[in-house]
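Residues per chain are reported as follows:
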Amino acid sequence: MPSNQTIFPAWHFDHWRAVDDRVRGGASTSHLDQVDLGSSQSLNGDLEKGKSRVGARFWGHLDIDTLGGAGFASQSYRYGPSPLRLPSLSYRGLSIIYQPDSQTHYTEKTPRDYTLVLKTTPTANIPKHPKTPGPPREAQLTYEVTFSLPTAGGAKAKAEGEEKREFKWNEFQATYRGKPVPEGDERWVPLDPGLIYELSIMCRSDFGKQHGDFGVVVRSIEAIRKKESGLESGLGWLWNWVVGLFSWGWNWSSRGGVKLEDDEKKLIA
């Protein structure tokens, strides 16, 4: 069985952008910083002895007062001009390995539920600076799953405790403006993991259920490969080729065949 495809790391921290509720007049904030994970072996078992790894510390403050109970803070990684391609013929879902943040003071009220968000349509309004929220963006259908920190002892989480969650593609819930979109709704579209234009890590108030300072360390995010027969492997390769050709043509035509400058490539990468 082939190994999973690692999406992060490498984290490319300068390519992540804050997408907080400040774009709607809120006061929540988020950050994504590099953190040294040390040389201990992680749950995926792929860490060489004596070799340190870098994780991503997602932290900030979730405010619910400014927007009357609502609030969200997120860090987003945009792919472009070509999307991340994880076709369902080759991959069955995503896995995430994470742990409590040693720099966060956990209490019974500390937010512990986080959301992994996928967007399968190109996103607009690219911020001028990676760490500055851009103007309000047009609402889009997103696909989301939730992962949670443990509540060890009812209040404090163990700083060294690692968690691993695996999500099949059909577990990602279609949502619009934070609300579920059920199958049968006119806005509902099935998730196509073959075209992922944006991946985000979010802390959401869930309409006032959690708020305050938050923090979690994400060790890795991977695409889980399927066991493939020879025929399935060939079909997966053909699908990747067709999707890649279509995506290249779409991006070329949508930009009028104009070659991107280096600065623009960096903004949308």
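The structure under discussion appears in the preceding block.
Here's a quick rundown of the structure.

About the cut-offs
- Residues numbered from 1 in each chain as written.
- Predicted model: local features only at pLDDT ≥ 70, side-chain atom pairs only at ≥ 80, totals over all residues.
- Heavy atoms only, no water.
- Pairing = 2+ DSSP bridges.
- Helix = DSSP H or I, 4+ residues; strand = E, 2+ residues; numbered from the N terminus.
- Core = buried A, V, L, I, M, F, W, Y, C linked by side-chain atoms within 4.5 Å.
- Buried < 20%, exposed > 50% of the residue type's maximum accessible area, 1.4 Å probe, protein only.
- Contact = heavy atoms within 4.5 Å.
- Polar contact = N/O pair within 3.5 Å; in protein donor to acceptor, adjacent residues only side chain to side chain.
- Salt bridge = Lys/Arg side-chain N within 4 Å of Asp/Glu carboxyl O.
- Phe/Tyr/Trp six-rings, centres within 6.5 Å; stacked < 30°, edge-to-face > 60°.

## Some thoughts on the sheet that holds strand β2 (residues 16–18)
Neighbouring strands of a sheet are bound in pairs by backbone hydrogen bonds; such pairs are parallel or else antiparallel. Strands sit in the order β2-β5-β12-β7-β8-β10-β11 across an open sheet of seven strands; the sheet is antiparallel. The two strands at the open ends of the sheet, each matched to only one other strand, are β2 and β11 (179–180).

## A short note on the nonpolar core
Among the nonpolar cores identified, the biggest contains 42 residues, and Ile7, Phe8, Leu86, Leu94 and Phe172 are the most heavily contacted of them. Within the residue set of this core, elements represented by two or more residues are β1 (5–8), β4 (53–62), β5 (72–78), β6 (91–100), β7 (113–119), β8 (141–148), β12 (198–204) and β13 (212–225). Apart from the residues lying within four places of it in its own chain, the contact partners of phenylalanine 8 are Trp16, Tyr77, Tyr79, Leu199, Arg219, Ser220 and Ile221.

## Details of the environment of threonine 121
Position of threonine 121 among the secondary structure elements: in the loop between β7 and β8. Considering only alpha carbons, one finds threonine 121 and glutamine 140, 19 residues apart in sequence, at a separation of 8.0 Å. The residues touching threonine 121, leaving out its near neighbours within four places in the chain, are Gln140 and Tyr197. Within the local environment of threonine 121, its side chain forms a polar contact with the side chain of glutamine 140, the two groups lying 3.1 Å apart.

## What about the side chain of serine 95?
Along the polypeptide, serine 95 turns up in strand β6. Setting aside chain neighbours within four positions, we find serine 95 in contact with Lys164, Arg165, Glu166, Ser220, Ile221, Glu222 and Ile224.

## So, the environment of threonine 107
Mapped onto the elements of the fold, threonine 107 is located in the loop between β6 and β7. Since its relative accessible area comes to 31%, threonine 107 is described here as partly exposed. Expressed as a C-alpha distance, the spacing of threonine 107 and threonine 151, which sit 44 residues apart in the sequence, is 9.2 Å.

## Comments concerning the pattern of salt bridges
Opposite charge on two side chains permits pairing when their charged atoms draw close. Under the counting rule described, the total for this entry stands at nine salt bridges. The salt bridge involving arginine 22 is made with aspartate 20; its shortest N-O contact spans 2.9 Å. Classification of arginine 22 by relative accessible area gives partly exposed; the value is 37%. Aspartate 185 is paired through a salt bridge with arginine 187; the nearest N and O atoms lie 3.3 Å apart. Note on aspartate 185: relative accessible area 25%, which makes it partly exposed. For arginine 187, a relative accessible area of 41% gives the class partly exposed. Through salt bridges with shared partners, a single ionic network connects Arg92, Lys164 and Glu166.

## Thoughts on the packing of aromatic side chains
The final tally for this structure, using the stated rule, is 14 aromatic pairs. Between phenylalanine 8 and tyrosine 77, the ring centres sit 5.2 Å apart and the planes meet at 70 degrees, which makes this aromatic pair edge-to-face. Taken together, the residues phenylalanine 8 in strand β1 and tyrosine 77 in strand β5 connect sequence positions 69 residues apart. Each member of the pair, phenylalanine 8 together with tyrosine 77, is buried. Ring geometry for phenylalanine 58 and phenylalanine 214: centres 5.1 Å apart, planes at 50 degrees, overall tilted. With phenylalanine 58 in strand β4 and phenylalanine 214 in strand β13, this residue pair connects regions lying 156 residues apart in the sequence. Each member of the pair phenylalanine 58 and phenylalanine 214 is classed as buried. In textbook terms, an aromatic cluster arises when at least three aromatic residues are bridged by ring pairs, as seen for Phe8, Trp11, Phe13, Trp16, Tyr77 and Tyr79.

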